[in-house]
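The primary structure of each chain is shown beneath.
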Protein chains: 2
Amino acid sequence: MDEVLADPIGKFIDIYQREHGYTYTLDQMHGKEFRDLLPEELQPTLREYINRKGFFRDLELIPDSREVVEQLCQKYDVFIVSAAMEFPNSLEDKLHWLGDHFPFIPWTNIIFCGYKIVKADIMIDDRIRNFSGFDGRKLLFTSPHNIAITEYERVNTWDEVAVLLL
Amino acid sequence: MDEVLADPIGKFIDIYQREHGYTYTLDQMHGKEFRDLLPEELQPTLREYINRKGFFRDLELIPDSREVVEQLCQKYDVFIVSAAMEFPNSLEDKLHWLGDHFPFIPWTNIIFCGYKIVKADIMIDDRIRNFSGFDGRKLLFTSPHNIAITEYERVNTWDEVAVLLL
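Chain A goes by 5'(3')-deoxyribonucleotidase in an unreviewed UniProt entry, where it is assigned to Mucilaginibacter mali. Quoted verbatim from the Sequence similarities (unreviewed entry) field of the UniProt record, the comment on chain A reads "Belongs to the 5'(3')-deoxyribonucleotidase family."

**Student:** Give a description of the relation of the copies chain B and chain A that names residues and reports values.
**Tutor:** Each copy of the sequence occupies a distinct position, and chain B is placed on chain A by a rotation of 180° and an axial shift of 0.0 Å, giving an RMSD of 0.0 Å. Seen this way, the second copy is the image of the first under a two-fold rotation axis. Ranked by how close their C-alpha atoms come to the rotation axis, the residues of chain B are headed by Val118(B), at 2.2 Å. Same-surface contact between copies: 100% of interface residues of chain B are shared with the interface of chain A.

**Student:** Go over the pairing of strand 5 (residues 122–125) of chain B, please, and point to the residues and values.
**Tutor:** Each regular strand shows side chains that alternate between the opposite faces of the sheet. Residue and element names in this part refer to chain B. Side chains Met-123 and Asp-125 project from strand 5 onto a buried face, and the interleaved Ile-122 and Ile-124 project onto a face without burial. In this sheet, strand 6 (residues 137–141) lies alongside strand 5 in parallel orientation, the contact comprising four bridges. Bridging from a neighbouring strand, Ile-122 pairs with Arg-137 of strand 6.

**Student:** Break down the interface of chain B and chain A for me, citing the residues and quoting the values.
**Tutor:** Facing 24 residues of chain B, the contacting portion of chain A comprises 24 residues. Between chain B and chain A lies a buried interface of about 2400 Å² when both sides are counted; carbon and sulfur atoms form 66% of it. Among the residues of chain B in contact with chain A, Trp107(B), Ile117(B) and Lys119(B) are the three that bury the most area, contributing 29% of the side total. Note that Lys53(B) and Glu92(A) form a salt bridge whose closest N and O atoms lie 2.3 Å from each other.

**Student:** Which residues make up the nonpolar core, and what values do they have?
**Tutor:** Counting residues in hydrophobic clusters, the biggest one holds 90 residues, and the most contacted among them are Phe34(A), Phe112(A), Trp158(A), Phe34(B), Phe112(B) and Trp158(B). Residue contacts for Phe34(B): discarding those within four places in its chain leaves Ile9(B), Phe12(B), Ile13(B), Tyr16(B), Tyr24(B), Met29(B) and Leu46(B). Listed in part, the 17 residues of the second largest apolar core include Phe134(A), Ile117(B), Phe131(B) and Leu140(B).

**Student:** Can you break down the side chain of Asp125(B) residue by residue, with the values?
**Tutor:** Residue and element names in this part refer to chain B. In this fold, Asp-125 is placed in strand 5. Given a relative accessible area of 3%, Asp-125 falls into the buried group. Side-chain polar atoms of Asp-125 contact the side chain of Lys-116, separated by 2.7 Å. Of the polar contacts made by the side chain of Asp-125, one reaches the side chain of Asn-130; its length is 3.0 Å. The contacts of Asp-125, once residues within four sequence positions are left out, are Val-4, Lys-116, Asn-130, Phe-131, Leu-139, Leu-140 and Phe-141.

**Student:** Can you lay out the packing of aromatic side chains for me, pointing to particular residues and giving the numbers?
**Tutor:** All told, the structure shown has 24 aromatic pairs over all chains when counted by the stated rule. With a centroid separation of 5.0 Å and 80° between ring planes, the pair formed by Phe55(A) and Phe56(A) is classed as edge-to-face. Here the two residues Phe55(A) and Phe56(A) agree in accessibility, since each one is buried. Between the aromatic rings of Tyr16(B) and Tyr49(B), the centroid separation amounts to 5.5 Å while the plane-to-plane angle is 90°, which identifies the pairing as edge-to-face. Pair noted here: Tyr16(B) is in helix 1 (residues 8–20) and Tyr49(B) is in helix 2 (residues 43–51), with a separation of 33 residues, a long-range link. This pair shows no difference in class: Tyr16(B) is buried, exactly as Tyr49(B) is. Within the aromatic cluster, the residues linked to one another by ring pairs are Phe12(A), Tyr16(A), Tyr22(A), Tyr24(A), Phe34(A), Tyr49(A), Phe55(A) and Phe56(A). Lying over the aromatic face of Phe55(A), Lys11(A) brings its terminal NZ or CZ to 4.8 Å of the ring centre.

What counts and what doesn't
- Residues numbered from 1 in each chain as written.
- Chains lettered and ligands numbered in written order.
- Predicted model: local features only at pLDDT ≥ 70, side-chain atom pairs only at ≥ 80, totals over all residues.
- Heavy atoms only, no water.
- UniProt positions renumbered as here; feature names shortened; annotations may be inferred.
- Least-squares fit on C-alpha atoms with pLDDT ≥ 70 in both.
- Contact = heavy atoms within 4.5 Å.
- Buried < 20%, exposed > 50% of the residue type's maximum accessible area, 1.4 Å probe, protein only.
- Helix = DSSP H or I, 4+ residues; strand = E, 2+ residues; numbered from the N terminus.
- Pairing = 2+ DSSP bridges.
- Buried area = accessible area lost by both parts, 1.4 Å probe.
- Salt bridge = Lys/Arg side-chain N within 4 Å of Asp/Glu carboxyl O.
- Core = buried A, V, L, I, M, F, W, Y, C linked by side-chain atoms within 4.5 Å.
- Polar contact = N/O pair within 3.5 Å; in protein donor to acceptor, adjacent residues only side chain to side chain.
- Phe/Tyr/Trp six-rings, centres within 6.5 Å; stacked < 30°, edge-to-face > 60°.
- Lys NZ or Arg CZ within 6 Å of the ring centre and 35° of its normal.

In C-alpha cells:
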C-alpha cells in the first residue's frame, strides 16, 4: 500500500513543515528513507506520527493507482498485501482507506501482514525485502528510497504497470 | 485463530444463554455451524454479535494451544493466519488478544486476510475452504462444524498436533 497505492511521504513532508518548520523535498530522499533526512533529535518522532490513529486514514493516492488497479481486476485476481502489522493502529485506518478508494477490492483479497509469505504470480512492491522468498515476477515500484536499486524489473508509474500487464 | 487457537463457540453459547435464554451444547453442533442451531429470527443476530467491538478480545484459549504453539516455534517458523478481514471490527481485538496469549509470535508472523493465499509447508485449520489452493500438508483441526469431513488428515487436539509435529 504505502508508496505504491498511498502516499505517506507527502504527509511526512506536510507534517514536518507544519509542526517543525522544515522544508523537505522528494529530491533530497534520493536513495534514502525519509527519516534519514530528519535531524537526529526528530527521528523518533516519525514513528510516533505513523503510530497515531488516523495517520493512514487520509493519505493521498499515488497517481493513477486506482484506475490501473481497477483495470487489473478485470484481468487478474488482485490482492492488496500490506505489511501493516508493524503499526497496530494502522489496521482499521488502512481498511477504511481501501474501502474509500478501492471499493472494488473485496475483503477476501485484502491481507495485512508482516512478512509477505504470499503465493502469487506477480508482486508489485517498493521494498525489495518483500521479494525475498517470492517465486513470481517481481516489479519494483519506484519510490525515492529504492531509486538506486538496479537488480529488479522496475515500474516507475502505474501507467508503466498498465503497459506491462494490461 | 477461531476454533483453533481461540474459542468463539463457547462465547456464542454464553451469549445466547444470557441474552436469549437458549441452552446450546457442542453436541448439538455435530456437523453444523452454530448459527444453524438458532431459530431463524435469531440468525441475523449472530453476525451482529461477531461484529461488535470487543467480541474477539476476551475469547477463551483452545486447550493447550499456547503451550504447543510455543514449542512449535522452537522448531518451525510459525505464522498465525486469520481470515479476520470479513469482520473489520475484529482486527485490533485479535491483535491485542494475540499479544496477550501468544506474545512469543512477532508481528512479522501475523497475517489477517480473507483468502489464505499463503506459501507454507503445513497449514492447521478448521475450515477446508482454506486448504483450497494450498500446496503443503493440511491438518484439519477438529471443530464441531467439520466433524463429518473425512478426506483430510485430522488433528483433534493440540496434543495430537504436538505428537505429529514435535
